[in-house]
Amino acid sequence: MLEVYQIEAFDDNYIYVLKSEGVVAVVDPGDAAPVLSFLHEMEWQLDMVLVTHHHHDHVAGILKLQNEFDCHVVGFESDQQRIPGFTVWVQEGDEIEVGSSVAEIIEIPGHTTGHIAYYFKEDGLLFCGDTLFSLGCGRLFEGTPEQMWTSLQKIKTLPDDTQVFCAHEYTQSNGRFALKVDPDNQALHQRCEEVDDLRDDDLPTVPSFLSVEKQSNPFLRADDASLMQRMEATTPLECFTKLRLAKDKF
Ligand code: ZN
Ligand code: FE
């Protein structure tokens, strides 16, 4: 069993601490301070850092953590120059063990060219960084719409009961855009109401279930006939591309 602890960082980032059989890992430590205070409070050592992509808000805490703990840093092979403290490079299909839990590496480029997810199949948990957000997806900083759409389709093949741990609390503003482009979607309305209630109480909207995202996230629904019609698109890729452009201007 993998235990997951959610730590808030900066304005809207989430850092995750994972623990299994006494092994402790942290996903995307953009800031060391909140991670260190959590680890000190729990009296835990840090064994490994799992990085989804090289952006500052995901890696800037690594060297400080390595100062205190002799920990491995796992990241995508082609990002060796861009991830500080890098020690273990992985690619599609590789497996990383955290105690008795195993993460499969899934390559999901688009937000950046080197972006990976850690998929704990047995536990049904997906750590997907800035690729899939609840009710949204990451901006295309380096990749193409085609790459991102392919990555999202890969995620869509995972089981419905997969819990999606994304790296930002963007759900409420994503929801406002989603309602604009997909106003007749009942599952979306229901999710937005739930999200508003959670945010009113200052609670996280992450993780969410992949089943909910499949029904309500417009970026996963770019192949839905009614959404394609609304976006005046003839192919799912065209629909996705138009959605992403519209969201950039929203
Ligand atoms: Zn990013
Ligand atoms: Fe980010």
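Rules used in this analysis
Position numbers for residues count from 1 along each chain, tracking the sequence in the order it is written. All chains are assigned letters beginning at A, and all ligands numbers beginning at 1, according to the order in which they are written. Only residues with pLDDT of at least 70 are given local features in this predicted model, and only at 80 or more are side-chain atom pairs given and counted; all residues enter the totals for whole chains, interfaces and linings. Just so you know, side-chain values use all the structure's heavy atoms and leave hydrogens and water out. Coordination here is defined by N, O and S atoms within 2.8 Å of the metal (3.2 Å for Na, K and Ca), and since water is not considered, a site can look incomplete. All geometry calls rest on donor angles, where a four-donor set with angles between 85 and 135 degrees is tetrahedral, four- and six-donor sets with opposite donors more than 155 degrees apart and all others between 65 and 115 are square planar and octahedral, and all else is irregular. Note on conventions: DSSP H or I runs of at least 4 residues are helices, E runs of at least 2 residues are strands, and numbering of each starts at the N terminus. For each residue, the accessible area found with a 1.4 Å probe, counting protein chains only, is set against the maximum for its type, and the residue is called buried under 20%, exposed over 50%, and partly exposed in between. Note on pairing: two strands pair once DSSP finds at least 2 bridges between them. For helices, the fitted axis covers only the stretch in contact; all axes are lines through C-alpha atoms, and the angles between them, taken along N-to-C directions, range from 0 to 180 degrees. Residue contacts are defined here by distance: any two heavy atoms, one from each residue, within 4.5 Å place the two residues in contact. Lining residues are defined by having an atom within 4 Å of a point belonging to a cavity or pocket. Those points lie on a 1 Å grid over the protein atoms alone, cavities being sets where a 1.4 Å probe fits but cannot get out and pockets being open sets with protein on both sides within 12 Å along at least five of seven lines. Grid points are joined across faces, edges and corners, and a volume is the space filled by probe spheres set on the points. Gly counts as polar in this scheme, as do all residues outside two lists: the nonpolar Ala, Val, Leu, Ile, Met, Phe, Trp, Tyr, Cys and Pro, and the charged Asp, Glu, Lys and Arg.

(A) Molecular detail of the coordination of the iron ion (ligand 2). Protein-derived ligands of the iron ion (ligand 2) are Asp57 (OD), His58 (NE2), Asp130 (OD) and His168 (NE2), with the metal-ligand distances lying across 2.1 to 2.3 Å. Around the iron ion (ligand 2) sit 4 donor atoms, and with donor-metal-donor angles ranging over 84 to 168° the site reads as irregular. Sequence positions of the donors to the iron ion (ligand 2) reduce to the motif D-H-x71-D-x37-H. The distance between the iron ion (ligand 2) and the zinc ion (ligand 1) is 3.3 Å, with Asp130 acting as a donor to both metals. Taken together, the residues Asp57 in helix α2 (residues 56-59) and Asp130 in the loop between β10 (125-129) and β11 (132-133) connect sequence positions 73 residues apart.

(B) Structural view of the coordination of the zinc ion (ligand 1). Coordination of the zinc ion (ligand 1) by the protein comes from His53 (NE2), His55 (ND1), His111 (NE2) and Asp130 (OD), over a distance range of 2.2 to 2.3 Å. Coordination at the zinc ion (ligand 1) is irregular: its 4 donor atoms span angles of 86 to 171° at the metal. The motif formed by the donor residues of the zinc ion (ligand 1), counted along the single chain, is H-x1-H-x55-H-x18-D. Overall, the relative accessible area of 0% leaves His53 in the buried class. Residue classification places His55 among the buried residues on the basis of a relative accessible area of 17%.

(C) Broad picture of the pairing of strand β1 (residues 3-9). Pairing of β1 with strand β2 (residues 13-20), which is carried by 7 bridges, proceeds in the antiparallel orientation. Bridge pairing in β2 links Ile7 to Ile15. The hairpin formed by β1 and β2 contains 3 residues between the paired strands, and Phe10 there has a positive phi angle of roughly 45°.

(D) Here's a closer look at the sheet that holds strand β3 (residues 23-27). Taken together, 6 strands build an open sheet; the order of strands is β1-β2-β3-β4-β5-β6 and the sheet is mixed. Only two strands of the sheet have a single partner each, and these edge strands are β1 and β6 (88-90). Here the average twist between neighbouring strands, direction ignored, is 25°. Here β2 pairs with β3 via 5 bridges, running antiparallel. In the strand pairing of β3, Leu18 is matched with Ala25. Along the sheet, helix α1 (residues 32-42) makes contact with β1, β2 and β3, crossing β1 at roughly 140°.

(E) Structural detail: the layout of surface pockets. Here the largest pocket is characterised by a volume of approximately 230 Å³. What lines the largest pocket is a set of 16 residues, and nearest its centre among them are Phe133, Cys137, Gly138, Arg139 and Tyr170. Sort the elements by how many residues they give to the lining of the largest pocket and helix α9 (residues 236-249) lands first, with 3 residues. Residue classes in the lining of the largest pocket are distributed as 4 nonpolar, 6 polar and 6 charged. The computed volume of the second largest pocket comes to approximately 170 Å³.

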